[in-house]
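Residue strings, one per chain:
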Amino acid sequence: MLFKISNIARDYAWGSRTLIADYFGLTASGAPMAEIWYGTHNGSPTLVADEPGVTLKDKLGGRDLSFLLKILAADAPLSIQAHPNSDQAERGFALENAAGIPMHSPQRNYKDDRHKPEIIFALSDFEALCGFKPLKDIGYLFEDLASHGGVSEGFKTLATHWGQLLLEENGLQKVFSDISHRRGNLDGFTAELAQFAEWEARFELADRLNRMYPGDPGVVIAMLMNHVYLEPGQALFLPAGNIHAYLGGLAVELMASSDNVLRGGLTPKHIDVDELETVIDFTAGSIPLVKPIELTNGLTHYPCAVDDFMFYRAEVSGTVVLADLNLPGDTIFLCTAGEVAVSDSIEEHLVLRRGEAAFMSADARLFSLAGSGTVFIATANSN
């Protein structure tokens, strides 16, 4: 099977009103257009474009895909968050079911029993927080804050305390826990921290976040995290346990088909610090930039250490026709520029224009892409 699919944008408050509409030439909704989902997840069912009311999951006979492809557009920060691994998701989901917590309760942590690793590919300049800074840099930060002459004694006391905690065994986790459990008692600290932006650019983020979420522990935690600026074409892979927050920009995102999000700050939504701590990987220092691999002229693979999906970008031109491609499983194509013809091995054919997507079943097996444009390819990994 080869057919077009579609969906409408989700209107999360942090979403952009313009990025998706402008980039893809779509009609603006007038509301935030935060994410467009392509997959079988019940959170936002993808539709078969030419069959009104029929979802992709209906077309597949109720079968679920192992992955979920999204367009993401942020004008404001998403929550500081992490996702569980498979064992953690199975445990948490079972415990909440046994406790009788309704599936749609705002107090629920686990919506399903699956992990949620993800890759984010920047279509525009993209700003994010991703993982923790090296421990020595966090230590220097607390030293700088504690020694500053223009702050209160209470501010210095907290900065000194966190610096000392950091030196203990499992110090980073202890610092994270101590900051997070002070929710409701950090207004003065974050206000003083935000004032540092007057003297040093590295504190501009704290000032920006504190204006939106005054006193939130996430304002402090953000300063412990790697602050990353992606250029268009760069990508991050976020495995289970990676603490992160997207701050702004337009991207294509591919993940395992799950909606498990444990939040730690910068959000009015449910926060469970104790459960989040069981999920976070407190290894510090690395920024998980993906190193792309050019397979053939025009086809690039973005390797991710997961079994749920594989991710490619195809750049097709009049002189570059990608033929005889062998994709291992069910596949979704998303055209982000130009116009590209997709042909499968059983002689089905369609043309994708900017902003259009298509599904191809595993038995069809892609034969060629032709035309002039850019297509992202998300496919199940059958290996």
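Keep in mind that what you see is a predicted model, and the values were worked out from it rather than measured. (Residues numbered from 1 in each chain as written. Predicted model: local features only at pLDDT ≥ 70, side-chain atom pairs only at ≥ 80, totals over all residues. Heavy atoms only, no water.)

*Asks:* How would you summarise the packing of helix H5 (residues 153-166) against helix H6 (residues 171-180) if you had to cite specific residues and measurements?
*Replies:* Between H5 and H6, the shortest axis-to-axis distance is 7 Å and the interhelical angle comes to 150 degrees. On the basis of their axis angle, the class for H5 and H6 is roughly antiparallel. Residues His161, Trp162, Leu165 and Leu166 of H5 form the contact with H6, whose participating residues are Gly171, Leu172, Lys174, Val175, Asp178 and Ile179. Here the residues of the contact of H5 with H6 are counted per class, giving six nonpolar, two polar and two charged. (Axes fitted to C-alpha atoms, helices over the stretch in contact; angles between N-to-C directions. Helix = DSSP H or I, 4+ residues; strand = E, 2+ residues; numbered from the N terminus. Parallel < 35°, antiparallel > 145°, perpendicular 65-115°, else oblique. Contact = heavy atoms within 4.5 Å. Nonpolar A, V, L, I, M, F, W, Y, C, P; charged D, E, K, R; others polar.)

*Asks:* Pulling in residues and values, what's your account of the packing of aromatic side chains?
*Replies:* For the structure shown, the criterion picks out 18 aromatic pairs. Relative to Phe196, the ring of Phe155 lies with its centre 5.7 Å away and its plane at 20 degrees, an arrangement referred to as stacked. Of this pair, Phe155 sits in helix H5 while Phe196 sits in the loop between helix H7 (187-195) and helix H8 (204-212), placing them 41 residues apart in sequence. Phe196 shares its class with Phe155; the two are buried. Note on Phe196 and Trp199: the rings are 5.7 Å apart at their centroids and 85 degrees apart in plane angle, and the pair reads as edge-to-face. The class of Phe196 is buried, set by a relative accessible area of 3%. A residue is classified by how much of its surface remains accessible, and Trp199, at 48% relative accessible area, is partly exposed. Each residue in the set Phe142, Phe155, Trp162, Phe189, Phe196, Trp199 and Phe203 is aromatic and connected to the rest through ring pairs, giving one cluster. Across from the ring centre of Trp37, 4.7 Å away, lies the NZ or CZ of Arg10, which sits over that ring. Directly above the ring of Phe3 sits Lys59, whose terminal nitrogen or CZ lies 5.4 Å from the centroid. (Phe/Tyr/Trp six-rings, centres within 6.5 Å; stacked < 30°, edge-to-face > 60°. Buried < 20%, exposed > 50% of the residue type's maximum accessible area, 1.4 Å probe, protein only. Lys NZ or Arg CZ within 6 Å of the ring centre and 35° of its normal.)

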